[in-house]
Every structure is written in structure tokens, then in C-alpha cells.
Amino acid sequence: MGITLIAVRNPQWRTVKNNRVDSDGNVVNDSDGNPIFDVVNDSDGNPIKFIECQCQWSHLGDNTQEWLSFAATPWDTEPHGVALYAAFLNGDHGAIAAE
């Protein structure tokens, strides 16, 4: 089954972050009890980014369906995710908001 993008809105850059963990693998919290997140960098030391947006997809209905959150990435295992990321970089869906 082919998956086709019906519509997309609200693209915004996001940075990949992981929970900080201690040497025992436990999540580290700040003084208020909130988890601490660390930015994930690529092999060159640059933050890894993706594009968060809201989509409507053909395999889930028509243009009356609810908007679903979607993370467009170049490492997606599905072709439609990689294609959407490339389309964003190409400017096909307008400007991408800053994080």
C-alpha cells in the first residue's frame, strides 16, 4: 500500500535529546525533580535535528481526518518519512519554524 501525504502544517525544527543517566542507568533529575536532557550530536559534534509537524496521510483517511503529529527525519525507516523530510529541505512546504 502506498502512503501519500494529503496535507501538512506547522513544521518546526527540533533537536534530538536523550535523558541523562547515571552509571547505573538511572535517569538523572535536576533539583526540582525534572529529568535532565542532553543534546545528541552527530560524529562532527553538531546537534542532530528533525522536523516536527502535523500531517494527514492517505492510508488513515481523507482530508477530514484529525491532524497527527509526525517527526520527519532523514533516518526514517519508511520512505514517506524520508521523502517528507527532503521536501521540507527543498522548501516544498514553506518555512520551517525555529525551535
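Above this text sits the structure in question.
What counts as what
- The numbers attached to residues start from 1 for each chain and follow its sequence in the written order.
- Per-residue local features are limited, in this predicted model, to residues with pLDDT of at least 70; the limit for side-chain atom pairs, both in listing and counting, is 80 or more; totals at the level of whole chains, interfaces and linings are taken over all residues.
- Based on all heavy atoms of the structure, the side-chain values leave hydrogens and waters out of the count.
- Each helix is a run of H or I in the DSSP string that is no shorter than four residues. Each strand is a run of E no shorter than two, and both are numbered from the N terminus.
- The cut-offs for exposure are 20% and 50% of the maximum accessible area for each residue type, with area from a 1.4 Å probe on protein chains only; residues under the lower value are buried, those over the upper are exposed, and the others partly exposed.
- Definition of a polar contact: a pair of N or O atoms within 3.5 Å, with one able to donate and the other able to accept a hydrogen when the atoms are protein atoms, and with sequence-neighbouring residues admitted only if both atoms are side-chain atoms.
- Any pair of Phe, Tyr and Trp rings, taking the six-membered ring for Trp, is counted once the centres come within 6.5 Å. Such a pair is stacked with planes under 30 degrees apart, edge-to-face with planes over 60 apart, and tilted for the rest.
- Between two residues, a contact is recorded if the distance between any of their heavy atoms is within 4.5 Å.
- The directions from the helix axis to the C-beta atoms are what the arc is built from.
- Salt-bridge detection follows one rule: a side-chain nitrogen of Lys or Arg within 4 Å of a carboxyl oxygen of Asp or Glu.
- At least two bridges found by DSSP between two strands are what make those strands a pair.
- In this analysis an axis means a line fitted to C-alpha atoms, helices contributing only their contacting stretch, and an angle means the value between N-to-C directions, from 0 to 180 degrees.

Novice: Please provide a residue-by-residue account of the environment of Thr-64, values included.
Specialist: Tracing the chain through its elements places Thr-64 in the loop between β4 (49-57) and β5 (68-72). For Thr-64, a relative accessible area of 65% corresponds to the exposed category. Here the side chain of Thr-64 touches Asp-62 through a polar contact of 2.4 Å, side chain to side chain.

Novice: If you had to explain the packing of aromatic side chains to someone new, which residues and values would you point to?
Specialist: In total, this model carries 2 aromatic pairs according to the counting rule given. Between the aromatic rings of Trp-13 and Tyr-85, the centroid separation amounts to 6.4 Å while the plane-to-plane angle is 85 degrees, which identifies the pairing as edge-to-face. Of the two residues, Trp-13 sits in strand β1 (residues 5-15) while Tyr-85 sits in helix α1 (residues 79-89), which places them 72 residues apart along the sequence.

Novice: Hey, could you go over the side chain of Gln-56 for me, with residue numbers and the actual values?
Specialist: Looking at the secondary structure, you find Gln-56 in strand β4. Taking the relative accessible area as the measure of exposure, Gln-56 reaches 3% and is therefore buried. From its side chain, Gln-56 meets the backbone oxygen of Gln-65 in a polar contact 2.8 Å long. Excluding residues that lie within four positions of it along the chain, Gln-56 makes contacts with Thr-4, Leu-5, Ile-6, Ala-7, Asn-63, Gln-65, Glu-66 and Trp-67.

Novice: Could you give an account of α1, naming the residues involved and the relevant values?
Specialist: Of the positions making up α1, those classed as buried are His-80, Gly-81, Leu-84, Tyr-85, Ala-87 and Phe-88. Within α1, the buried residues cover an arc of 160 degrees as seen down the axis, which keeps them to one side. Among the exposed residues of α1, those oriented more than 90 degrees off its buried face are Pro-79 and Leu-89. Where α1 is buried, its residues contact β1, β4 and β5. One or two steps after α1, the chain reaches Gly-91, where phi turns positive at roughly 85 degrees.

Novice: Could you give me a rundown of the pattern of salt bridges, with the residues and numbers involved?
Specialist: According to the stated counting rule, one finds 3 salt bridges in the structure shown. In this structure, Arg-20 engages Asp-38 in a salt bridge whose closest nitrogen and oxygen atoms are separated by 2.6 Å. One end of the pair, Arg-20, is in the loop between β2 (17-19) and β3 (37-39); the other, Asp-38, is in strand β3, with 18 residues separating them in the sequence. Between Glu-99 and Lys-49 there is a salt bridge, and its shortest N-O distance comes to 3.3 Å.

Novice: I'd like a rundown of the sheet that holds β4, residues and numbers included.
Specialist: Pairing within the open sheet is antiparallel, and its 3 strands lie in the order β1-β4-β5. Two strands close off the open sheet at either side, each with one partner strand: β1 and β5. Strand-to-strand, the axes of this sheet are offset by a mean angle of 30 degrees, without reference to chain direction. Examined bridge by bridge, β1 and β4 share 8 bridges and lie antiparallel to one another. Bridge pairing in β4 links Thr-15 to Lys-49. Sitting on the sheet, α1 touches β1, β4 and β5, and the angle it makes with β4 is about 110 degrees.

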